[in-house]
Amino acid sequence: MDFRIGHGYDVHALSEGLPLILGGVEIPHSHGLVAHSDGDVAIHAICDALLGAAALGDIGMHFPDTSVDFKGIDSKILLQRVASLLREKGYEIGNIDCTIRLQRPKLRPHIDRMRETLAKAMSIKTDQVSVKATTTEHLGFEGREEGVSVSAVALIFRP
């Protein structure tokens, strides 16, 4: 089998009054993510990890933030398209592991739904998706609640 690993990382600023969507789930909070799309920084990092594993560029190459086609788009659609593109190239998704860094709100109550939502978008099983969340102990832009960052790792393979 041909195994490949990819890494993705994304950051978005937080702003008052916007929706906070992470892992395909809207999280109740006073602040949300500033972006051209819905700002789902978790999905964006996962897309980059998957694309990188297959050496297919990055999310900006496939879904540029200069295109009106992607203005306000639900990032789950982008993830579905990336998963389809991988399958067109003969790859299957082995697993995804991502870590969301933000000070608040606490994400533990939402993680199971995120895993289910992400798995469904990629047409894989929930146990193939890991989502973790951590604070930065009030350090850095995440700790000051100025933004959210996510790193993701993906394993893909050709059967």
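A quick note: this is a predicted structure, and the numbers were derived from the prediction, not measured. (Residues numbered from 1 in each chain as written. Predicted model: local features only at pLDDT ≥ 70, side-chain atom pairs only at ≥ 80, totals over all residues. Heavy atoms only, no water.)

1. Remarks on unusual backbone geometry
Residues apart from glycine generally show negative phi values, whereas peptide bonds are mostly found in trans.
No. 1: Note the cis peptide between R104 and P105, where omega equals 5 degrees.
No. 2: With respect to the helices, strands and loops of the structure, P105 is situated in the loop between β5 (92-101) and α4 (111-122).
No. 3: Phi angles above zero are rare outside glycine, and A55 is one such case at about 55 degrees.
No. 4: Note that A55 resides in the loop between α1 (41-53) and α2 (59-62). (Helix = DSSP H or I, 4+ residues; strand = E, 2+ residues; numbered from the N terminus.)

2. Some thoughts on the packing of helix α3 (residues 75-88) against α4
No. 1: Where α3 contacts α4, the axes come no closer than 8 Å and their chain directions differ by 45 degrees. One way to sum up the angle between α3 and α4 is to call them oblique. From α3, K76, L79, Q80, A83 and R87 reach across to α4, where they touch T117, L118, A121 and M122.
No. 2: Its residues placed into classes, the contact of α3 with α4 shows 5 nonpolar, 2 polar and 2 charged. (Axes fitted to C-alpha atoms, helices over the stretch in contact; angles between N-to-C directions. Parallel < 35°, antiparallel > 145°, perpendicular 65-115°, else oblique. Contact = heavy atoms within 4.5 Å. Nonpolar A, V, L, I, M, F, W, Y, C, P; charged D, E, K, R; others polar.)

3. What to know about the packing of α1 against α3
No. 1: Where α1 contacts α3, the two axes come as close as 9 Å, and the packing angle between them is 10 degrees. By the angle class used here, α1 and α3 are roughly parallel. Mapping the contact onto sequence places I43, H44, I46, C47, L50 and L51 in α1 and S75, K76, L78, L79, V82, L85 and L86 in α3.
No. 2: Grouping the constituent residues of the contact of α1 with α3 by class yields 10 nonpolar, 2 polar and 1 charged.

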